[in-house]
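Here's the letter readout for the chains.
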Amino acid sequence: MSAETFSQFFMSDMGSIVAFVCALLMGLVLLLFFRKDTKMPLKALTYAAICLALAVILSNIRIYRMPMGGSITAGSMVFVSMVGYWFGLKAGLAAAVSFGFLRLLFDPYIIHPAQMLLDYVLAYACLGLSGLFKEHKHGLLIGYIVGVTGRLLCAVLSGVIFFAIFAPEGMNVWLFSSLYNITYIGPEAAFTLAILAVPAFKAAIDRVGLQARA
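Residues numbered from 1 in each chain as written. Predicted model: local features only at pLDDT ≥ 70, side-chain atom pairs only at ≥ 80, totals over all residues. Heavy atoms only, no water.

Observations regarding the overall build of the chain
Right, so step 1: Per the secondary structure count, the chain includes 9 helices and 2 strands.
Right, so step 2: Order of helices (α) and strands (β) in the chain, N terminus to C terminus: α-α-α-β-β-α-α-α-α-α-α.
Right, so step 3: Looking at the chain as a whole, 46% of its 214 residues are labelled buried.
Right, so step 4: Nonlocal contacts in the chain, meaning residues at least 24 apart in sequence, comprise 69% of its contacts between residues at least 6 apart.
Right, so step 5: Total accessible area on the chain is roughly 10600 Å²; 73% of this is exposed by carbon and sulfur atoms. (Helix = DSSP H or I, 4+ residues; strand = E, 2+ residues; numbered from the N terminus. Buried < 20%, exposed > 50% of the residue type's maximum accessible area, 1.4 Å probe, protein only. Contact = heavy atoms within 4.5 Å. Areas by Shrake-Rupley, 256 points an atom, 1.4 Å probe, with all protein chains shown as cover.)

Details of the side chain of Ser 98
Right, so step 1: The residue Ser 98 is located in helix 5 (residues 89-106) in this model.
Right, so step 2: Here the side chain of Ser 98 touches Ala 94 through a polar contact of 2.7 Å, landing on its backbone oxygen. (Polar contact = N/O pair within 3.5 Å; in protein donor to acceptor, adjacent residues only side chain to side chain.)

Considerations on helix 8 (residues 173-196)
Right, so step 1: Between its first and last C-alpha, helix 8 extends 33 Å over 24 residues, near the 34 Å set by a 1.5 Å rise per residue.
Right, so step 2: At Ile 182, helix 8 is bent by approximately 40°, the largest bend along its length.
Right, so step 3: Those residues of helix 8 not exposed but buried are Phe 176, Ser 177, Tyr 180, Asn 181, Tyr 184, Ile 185, Glu 188, Ala 189, Thr 192 and Leu 196.
Right, so step 4: Residues of helix 8 that are buried in the fold lie against strand 2 (71-73), helix 4 (76-87), helix 7 (139-162) and helix 9 (199-213). (Expected span 1.5 Å × (residues − 1). Bend = angle between axes of the 7 residues up to and from the residue.)

Describing the environment of Phe 176
Right, so step 1: Residue position: Phe 176 is located in helix 8.
Right, so step 2: Since its relative accessible area comes to 13%, Phe 176 is described here as buried.
Right, so step 3: Along the backbone, Phe 176 and Ala 164 are 12 residues apart, and their C-alpha atoms lie at a distance of 8.2 Å.
Right, so step 4: Leave out the neighbours within four places in its chain, and Phe 176 touches Met 68, Phe 163, Phe 166, Ala 167, Pro 168 and Met 171.

Details of the layout of surface pockets
Right, so step 1: Within this model, the largest pocket holds a volume of roughly 470 Å³.
Right, so step 2: Lining the largest pocket are 32 residues, and of these Gly 69, Gly 70, Tyr 120, Arg 151 and Tyr 184 sit closest to its centre.
Right, so step 3: Elements that contribute at least two residues to the lining of the largest pocket include exactly strand 2, helix 4, helix 5, helix 6 (113-125), helix 7 and helix 8.
Right, so step 4: Tallying contributions element by element places helix 8 first for the lining of the largest pocket, with 6 residues.
Right, so step 5: Grouping the amino acids of the lining of the largest pocket by side-chain chemistry returns 15 nonpolar, 11 polar and 6 charged.
Right, so step 6: Space inside the second largest pocket adds up to approximately 160 Å³.
Right, so step 7: Lining the second largest pocket we find Tyr 47, Ile 50, Cys 51, Leu 54, Phe 79, Met 82, Trp 86, Phe 201, Ala 204, Ile 205 and Val 208.
Right, so step 8: Within the residue set of the lining of the second largest pocket, elements represented by two or more residues are helix 3 (42-59), helix 4 and helix 9. (1 Å grid on protein atoms, 1.4 Å probe; cavity = no way out; pocket = protein on both sides within 12 Å on 5 of 7 lines; lining within 4 Å. Points joined across faces, edges and corners; volume = space filled by probe spheres on them. Nonpolar A, V, L, I, M, F, W, Y, C, P; charged D, E, K, R; others polar.)

Observations concerning the pattern of salt bridges
Right, so step 1: Tallied over the full model, the rule gives 2 salt bridges.
Right, so step 2: Glu 135 is paired through a salt bridge with Lys 134; the nearest N and O atoms lie 3.2 Å apart.
Right, so step 3: Judged by its relative accessible area of 69%, Glu 135 falls in the exposed class.
Right, so step 4: Since its relative accessible area comes to 29%, Lys 134 is described here as partly exposed.
Right, so step 5: Across the pair Lys 202 and Asp 206 runs a salt bridge whose closest N-O atoms are separated by 2.6 Å. Here Lys 202 pairs with Asp 206, and both are found in helix 9, just 4 residues apart, close to one helical turn. (Salt bridge = Lys/Arg side-chain N within 4 Å of Asp/Glu carboxyl O.)

Quick notes on the pairing of strand 1 (residues 62-65)
Right, so step 1: Direction of pairing for strand 1 relative to strand 2: antiparallel, over a ladder of 3 bridges. If you follow Arg 65 over to strand 2, its bridge partner there is Ser 71.
Right, so step 2: Between the end of strand 1 and the start of strand 2, which pair antiparallel, lie 5 residues, with Gly 69 showing a positive phi angle near 95°. (Pairing = 2+ DSSP bridges.)

Printed below as a string of structure tokens:
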């Protein structure tokens, strides 16, 4: 099966179901691996795994895909940030790193091992920093901004190191990488932040979080 056929399958209804189930199971396995450090009860692990599965599904709904990797998705990053917001920093980092590995499995774009580490492990791990703001009134909003900013910085650095050859002649490579990565990370972040600013949506997230921790 070619990469294109593989991608098209997961865009279908049946593929979405398969992807959700696979991501849920793999998310549970990965989170169980981190369980000793996070000390999350099974119920919390289940909620976290569901968030990861939803994030994977939404990450496969690409509104726009960039030519050298990266895409605007249907708000996948916020579900990863929710785990840290609900359960704290260790759980958030564990979930975010797990999501990075799942993205590597479902949609790899690798040209160098260090680039893989930067784009898939460190970049997505930043989304787990929402756990730093667990007790803040606007913790999810602030945590999401911090996480997305961290991911953007990792993506820009990756672009400078590994994709500088694609910069137009005479253009500063830092500017090229910044503009390229902001093009797809920025719109998704702005749309998600607009939704998170809606009180009813925020209240719904907090209610689910209380159930998950009960």
